[in-house]
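Below are the chains, spelled out letter by letter.
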Amino acid sequence: MTKVAILGGGSWGTAFANVVADAGLATVTLWCRRPELAAAINDTHINPDYFPQVQLNPELHATTDPAQALAGAEFVVLAVPSQSLRDNLDAWRPHIPPDAVIVSLIKGVELGTTLRMSEVVRSVLNHPADQVAVVSGPNLAGEIAERQPATAVVACPHEATAVRLQHICKAPYFRPYTHTDLVGAELGGAVKNVIALAVGVAVGLGFGDNAKASLITRGLAETVRLAVALGADEHTLAGLAGMGDLVATCSSPLSRNRTFGEKLGSGMSVADVIAETRQTAEGVRSARAISALARDNGVDMPITETVVAMVDEGLPPEEALVRFMSRSAKPERYGVG
Ligand SMILES: NC(=O)c1ccc[n+]([C@@H]2O[C@H](COP(=O)([O-])OP(=O)(O)OC[C@H]3O[C@@H](n4cnc5c(N)ncnc54)[C@H](O)[C@@H]3O)[C@@H](O)[C@H]2O)c1
Ligand SMILES: O=P(O)(O)OC[C@H](O)CO
């Protein structure tokens, strides 16, 4: 059987490991930071911290030893926060088989370098582009852990690698589609977190469906502008990794990014929301990196910039709204192509 190592026993790492175990074509080892979590998963087949109500596949094995998780792995799946990935990879590098396919589940952009996660992987591990893939799409981990139906995109510039990955994660409730547009899939996933934050703020301010739909649609427009400027295919963003993920995340109370924004919009300070957010809300730290990437490439991303102003510069949500609505009048379609 194919050996798969999944590094990161948080919500998506656990849920995705369960998908691969349920797919039944691979042995799956989940690396967790904490020994008590690994022991609970091995002994009870439950991840008590993230999904206490879900019975995981009993074939799923957990460990805190990266060498054990990575020995002989043909697929190495990364499920840690974007801003810690580089340090994690540095530590794991001696154990990662050089011919393994590296799969990022991470939806963020690195602060400082503005690199996408696949670019961080390649810069640390020197893996060829054909051996780096991403999984993205409308994938709220809580629903997938409960084995509710979902679809996803598995993207790799080397189509045969995407097909191999598709096979090992195709479970009865999880339907992955292949794609070769890695850039579009990655940026769709990263930017939607920022847009979901903005939608959450609108919800927290008490606004209704017109405001939400406007942010989702204009959010997609700025995602497309950035992605196309960086070489993606515009159509990718009309698919699961673009519109699909944007709609799911912006609509769901399960979304950590939307929830973060909702708390901001209802009057909490950024520091207070950060203090009570236990899981990773990638949009909070990736917003600044995405806005820098946009600026470097001459792309206008007004929603992203407004989120940066609220999260990093303390702009009150009410003032952010005024700033956003008083921008100069524009045609609906500009800056693409
Ligand atoms: N949860 C979802 O619904 C979902 C779905 C799709 C993609 N994602 C993406 O997956 C990535 C991981 O998110 P998550 O939801 O699993 O987050 P999480 O907060 O639930 O879990 C993060 C995991 O990383 C570990 N971790 C945190 N800091 C670390 C560090 N410095 N070094 C090593 N490990 C560390 C934690 O212990 C935990 O196991 C994010 O980029 C997120 O956007 C999440
Ligand atoms: O909970 P969020 O906001 O990190 O979103 C989770 C997933 O990325 C949805 O696809």
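Residues numbered from 1 in each chain as written. Chains lettered and ligands numbered in written order. Predicted model: local features only at pLDDT ≥ 70, side-chain atom pairs only at ≥ 80, totals over all residues. Heavy atoms only, no water.

1. Focus on the overall build of the protein
A tally of helices and strands in the protein yields 15 helices and eight strands. Its C-alpha atoms give the protein a radius of gyration of 19 Å, near enough to 20 Å, the size a compact globule of 337 residues would have. When its C-alpha atoms are laid out on the principal axes, the protein stretches across 60 × 40 × 35 Å. Long-range contacts, defined as pairs at least 24 residues apart, comprise 72% of the intrachain contacts of the protein with a sequence gap of at least 6. (Helix = DSSP H or I, 4+ residues; strand = E, 2+ residues; numbered from the N terminus. Rg over C-alpha atoms; globule rule 2.2 N^0.38 Å. Contact = heavy atoms within 4.5 Å.)

2. Considerations on the domain arrangement of the protein
For the protein, the domain assignment lists domain 1 (2-180) and domain 2 (187-325). Averaged C-alpha coordinates put domain 1 and domain 2 at centres separated by 25 Å. The partner domain 2 presents 27 residues to the 26 residues of domain 1 that form the contact. Summed over the shared surface of domain 1 and domain 2, the number is one salt bridge. (Domains from an automatic or database assignment. Salt bridge = Lys/Arg side-chain N within 4 Å of Asp/Glu carboxyl O.)

3. What about unusual backbone geometry?
Its identity as a non-glycine residue notwithstanding, His45 has a phi of 60 degrees, on the positive side. With respect to the secondary-structure elements, His45 resides in the loop between helix H2 (35-44) and strand S3 (61-63). Backbone geometry places Arg147, a non-glycine residue, at a positive phi of 65 degrees. Note that Arg147 resides in the loop between helix H6 (141-145) and strand S7 (150-155).

4. Digging into the UniProt feature "binding site: sn-glycerol 3-phosphate" (unreviewed entry) in the protein
The UniProt record marks Lys107, Gly137, Lys192, Asp245, Ser255, Arg256 and Asn257 with the feature "binding site: sn-glycerol 3-phosphate" (unreviewed entry), using the residue numbering of this structure. Mapped onto the elements, Gly137 comes out in the loop between strand S6 (132-136) and H6. Filtering out sequence-adjacent residues up to four positions away, Gly137 remains in contact with Lys107, Leu240, Ala241 and Asp245. Inspection of the secondary structure puts Asp245 in helix H10 (residues 240-251). What Asp245 contacts, discounting residues up to four positions off in sequence, is Lys107, Ser136, Gly137, Pro138, Asn139, Gly189, Lys192 and Leu240. (UniProt positions renumbered as here; feature names shortened; annotations may be inferred.)

5. Section: the pairing of strand S1 (residues 2-7)
Counting buried residues in S1 gives six out of six residues, a clear majority hidden from the surface. Side chains Thr2, Val4 and Ile6 of S1 all project onto a buried face; the interleaved residues Lys3, Ala5 and Leu7 project onto the opposite face, where all are buried too. Relative to strand S2 (residues 26-31), S1 runs parallel, the two sharing six bridges. Bridged to Ile6 within S2 is Leu30. (Buried < 20%, exposed > 50% of the residue type's maximum accessible area, 1.4 Å probe, protein only. Pairing = 2+ DSSP bridges.)

6. Concerning the site of ligand 2
All residues in the neighbourhood of ligand 2 are listed as Lys107, Gly137, Pro138, Asn139, Leu140, Lys192, Asp245, Thr249, Leu254, Ser255, Arg256 and Asn257. Note that an oxygen atom of ligand 2 is positioned 3.1 Å from one of the backbone N or O atoms of Gly137. Contacts to ligand 2 include Lys192, whose side-chain N or O atom sits 2.6 Å from an oxygen atom. In isolation ligand 2 has 310 Å² of accessible area, and contact with the protein removes 92% of it. At the level of secondary structure, the elements contributing two or more residues to the shell around ligand 2 comprise H10 and helix H11 (256-265). Each of two domains, domain 1 (2-180) and domain 2 (187-325), supplies a minimum of three residues to the shell around ligand 2. (Near = heavy atom within 4 Å. Polar contact = N/O pair within 3.5 Å; in protein donor to acceptor, adjacent residues only side chain to side chain. Areas by Shrake-Rupley, 256 points an atom, 1.4 Å probe, with all protein chains shown as cover.)

7. Notes on the UniProt feature "binding site: NADPH" (unreviewed entry) in the protein
The feature "binding site: NADPH" (unreviewed entry), as given by UniProt, occupies Ser11, Trp12, Arg33, Arg34, Tyr50, Lys107, Ala141, Arg256 and Glu282 in the numbering adopted here. A stretch of 272 residues holds the annotated residues, and the largest C-alpha distance among them is 23.0 Å, long enough that they do not meet in one place. Position of Ala141 relative to the elements: it lies in helix H6. Ala141 gets classed as buried once you look at its relative accessible area, which sits at 12%. Setting aside its immediate chain neighbours within four residues, Ala141 contacts Ser11, Trp12, Ala15 and Phe51. By the secondary structure assignment, Arg256 is in helix H11. Here Arg256 is in contact with Ser11, Gln279, Thr280 and Ala281, once residues within four sequence places are set aside.

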